[in-house]
Each structure stands twice: as structure tokens, then as C-alpha cells.
Amino acid sequence: MNTTFNFELLNQIILKDGPDKEQYNDLVEWLNQLSQSSREDSSQIEVLNQVKLIFNDLFMTKESLLGHVSIWPHGYAGDYEIIDRIYKNDVSSQAKFEKWDKWFHDAAATQAVRNRKTYFKQLLAEKTANGNPIKVLNLASGPCRDLLEFFNENPGANVQFDCIEIDPNAVTFASQLLGVHKEHVTFHLANIIKYDTLEQYDLIWSAGLFDYLDDQTFIQVIKRYQHNLNLGGEIVIGNFYVHNPSRNIMEVFNWRLRHRTYDELLGLAEKAGYNPGRMRVESEPLGVNLFMRLF
């Protein structure tokens, strides 16, 4: 790999405030190769550190999407604000960040996150189509833009949400965002691992929480909430697939997930005591974000 040439190319891209669309694939490919080779060849680590330094000098601010995921302004990766910005396809009003933000949104991972929102809304629409009331437990509910869009698109839906969220800023943001629809939502400021309830639900949903849980905690959580399902209810869990084209780049910019395969997800559910005949794994159109359904 000609790291010197590509390093110079990267500097040229930075000097013109980000890549043009025709440069997207080349930049992605090079960063992927650099990230991978740094794991295998210690001589490449210094090159990777130089790249990080260049990006950090430019993007140590949450005004840039790359900066936001790098510096963790809310103290953790994948916070409610960056998820909402991805959901909205938000692009900075500052010209020096605009191209980079557009490149960020073009990544397979960010497209998959938006597809995840669509998947959830479609799932809710299917479950409320007959007009019967349903109750949903939303684990690590984040910004709740998915709920807002669902209510706007399905004004007659008879659904109540219990949203579990550990970040008080996320709860404040979501409460304000939902506006009049907040009457359908009860927020619980709590750790999902410790939260306990006797309520029964038709759907227990988690969009991105399980991407950050180790296997033992994953099993603990789905086992804990199994008793909260109504007859005919199901748990649906989102998790990034191991074949995520954006994985190496995400890790360069400090966004690390626990990627899993179809079989790994099903194996964890079996260990938690779920019936193998009553589980399946689906994905959004790109195949990057998986959804395990336990019923």
C-alpha cells in the first residue's frame, strides 16, 4: 500500500475542506486498509496516528459529525444527539465541515442507522394496524425521533410507550421533541440492567443498545425482560453485523461496537433460555444492521 501518496492525497482533501463525492470510495478504501494494516503491521500504526492527529486538529468540535463521534461530548459513544443528527441527515452550517458531514452520511453504517428507524416504524405500524391497543417497552430510547415520526405518520395508532433511558439529557431532549405526542410516552430514568417492572408488553424494542454489551450482559438483559412479554408479544433487538463496511473507519474515529453474526445472536438467545423454534434474525436493506426477533 502506498501510504505516502495517499497521505498526501488526504492532506489535499483536507485543504479543500473535505472530499468530493467522486473521492468517497477511494477515501473509505484507504482508511479501511490503513486501519486493518495497523493491526497487522506495527510500522503502520504511526501512519494511523498521524491521520488521527490531522483529523483531531480539524474535528475536535461537535459541530462536525466526525468531531462529535471522536470526542464524545456527552461522555459516551453513540449518544442521543449524534443518533438524532444521523436520523435527520444533519449537515453542519459551517462550510469547512459540510463536505465531511456529507461523506459521513454516505457511509454504510449511517445509512443502516436510518434504515433502523424505518424498520422500527414499520414494525410498529404492523402491530397497530388492527386498531387494538399495544404497549411497548423501549430500552435505551435515545432521542425518540423514531417515535415522533411514527405518531406523525400514524395519528390514530393506539400505542403506549415506556422508555428506559439512563441519560437525563436524552430524556429532556426527547420530551421536548415529542411535543403533544408525549402523552403516549412515559420516561423512566434508569439503567436497563437494573430496571425492574411487572408490566407486560406486546413489544420490547432496543435499537442500538446491544451493540455495546458484552455477551454475558447481553444474555442477562434479554433473560431479565423475558417475563415482561404478553402472550403473543416479542422482543426485537438491533445489533450491527460483523460485515459492516464502515467498521474500520468507525474505529479510527473512536466509535467501537460489538458486531455479531446471525448465529451468534441466536446462540446468545438460546443461552438466555429462549426457544430456538421461536426466534429469527432479519436485517435492514443494506444487511449491515441485524434485528433478532424473539417471540
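Structural data are supplied above this passage.
Quick caveat, the model's predicted, so the values are computed rather than measured. (Residues numbered from 1 in each chain as written. Predicted model: local features only at pLDDT ≥ 70, side-chain atom pairs only at ≥ 80, totals over all residues. Heavy atoms only, no water.)

Caption draft 1: Structural view of the overall build of the protein. Tallying secondary structure elements over the protein gives 12 helices and 7 strands in all. Taken against the 2.2 N^0.38 rule, which gives 19 Å for 295 residues, the C-alpha radius of gyration of the protein at 20 Å falls within 12% of a compact globule. Considered along the principal axes of its C-alpha atoms, the protein spans approximately 60 × 40 × 30 Å. The long-range fraction of contacts in the protein, counting pairs at least 24 apart against all pairs at least 6 apart in sequence, stands at 70%. Counting only carbon and sulfur atoms, one obtains 49% of the accessible surface of the protein, whose full area is about 13600 Å². Charge separation in the protein, taken as the distance between the mean sites of 29 positive and 39 negative side-chain charges, equals 3 Å. (Helix = DSSP H or I, 4+ residues; strand = E, 2+ residues; numbered from the N terminus. Rg over C-alpha atoms; globule rule 2.2 N^0.38 Å. Contact = heavy atoms within 4.5 Å. Areas by Shrake-Rupley, 256 points an atom, 1.4 Å probe, with all protein chains shown as cover. Lys, Arg positive; Asp, Glu negative; His and termini not counted. Charge placed at Lys NZ, Arg CZ, Asp CG, Glu CD.)

Caption draft 2: Spatial organisation of helix 12 (residues 262-271). Looking at helix 12, one finds that the buried residues are L265, L268 and A269. Angular distribution of buried residues about the axis of helix 12 spans 100°; they occupy a single face of the element. Opposite its buried face, helix 12 presents the exposed residues D263 and K271, each directed more than 90 degrees away. Packing partners of the buried residues in helix 12 comprise helix 10 (215-224), strand 5 (229-240), strand 6 (279-283) and strand 7 (289-294). Where helix 12 ends, the next residue or the one after it, G273, has phi of about 100°, a positive value. (Buried < 20%, exposed > 50% of the residue type's maximum accessible area, 1.4 Å probe, protein only. Arc of directions from axis to C-beta.)

Caption draft 3: Expanded view of the packing of aromatic side chains. Under the defined criterion, the tally for this structure stands at 10 aromatic pairs. Ring centres of F210 and F218 lie 4.7 Å apart, and the angle between their planes is 70°; on these two criteria the pair is classed as edge-to-face. Look at F210 and you get buried, because its relative accessible area is 1%. Ring pairing ties together the aromatic residues Y119, F120, W205 and F291, which thus form one cluster. The ring of Y87 carries the charged tip of K117 above its face, separated from the ring centre by 5.6 Å. (Phe/Tyr/Trp six-rings, centres within 6.5 Å; stacked < 30°, edge-to-face > 60°. Lys NZ or Arg CZ within 6 Å of the ring centre and 35° of its normal.)

Caption draft 4: A look at the sheet that holds strand 5. A sheet is described by the order of its strands in space; here 7 strands give the open sequence 3-2-1-4-5-7-6, paired in mixed fashion. Lying at the two open borders of the sheet, with one neighbouring strand each, are strand 3 (185-189) and strand 6. Adjacent strand axes in the sheet meet at a mean angle of 20°, parallel and antiparallel pairs treated alike. Note: strand 5 against strand 7, 6 bridges, orientation antiparallel. Residue N239 lies in a different strand from strand 7, and its bridge partner there is L290. Set on the sheet, helix 8 (residues 145-153) makes contact with strand 1 (134-139), strand 2 (159-165) and strand 3; between it and strand 2 the angle comes to about 170°. Contacting strand 5 and strand 7, helix 10 crosses the sheet at an angle of about 160° to strand 5. (Pairing = 2+ DSSP bridges. Axes fitted to C-alpha atoms, helices over the stretch in contact; angles between N-to-C directions.)

Caption draft 5: Representation of unusual backbone geometry within the structure. Even without glycine at this site, A140 takes up a positive phi of about 60°. By the secondary structure assignment, A140 is in the loop between strand 1 and helix 8. Classification of A140 by relative accessible area gives partly exposed; the value is 29%.

Caption draft 6: Structural view of the pairing of strand 6. Sheet topology places strand 6 next to strand 7; 5 bridges connect them, and they run antiparallel. Each residue of the ladder has a partner; that of M279, found in strand 7, is L294. Two successive antiparallel strands, strand 6 and strand 7, enclose a turn made up of 5 residues, where G287 displays a positive phi of approximately 75°.

Caption draft 7: Molecular detail of the state of the cysteines. Taken as a whole and assessed by the stated rule, the structure comprises 0 disulfides. Sulfur of C144: no disulfide; nearest cysteine sulfur belongs to C163 and is 4.3 Å away. (Disulfide = S-S within 2.5 Å.)

Caption draft 8: Broad picture of the nonpolar core. The biggest cluster of nonpolar side chains holds 37 residues, and the ones touching the most others in it are W100, W103 and W255. Secondary-structure elements contributing two or more residues to this core are helix 1 (3-15), helix 2 (24-40), helix 3 (45-59), helix 4 (65-71), helix 5 (80-88), helix 6 (95-106), helix 7 (108-128) and helix 11 (247-252). Here W103 is in contact with P19, Y24, L27, V28, L31, L66, I249 and F253, once residues within four sequence places are set aside. Formed by 30 residues, the second largest nonpolar core is a distinct cluster that contains I164, Y195, M292 and L294. (Core = buried A, V, L, I, M, F, W, Y, C linked by side-chain atoms within 4.5 Å.)

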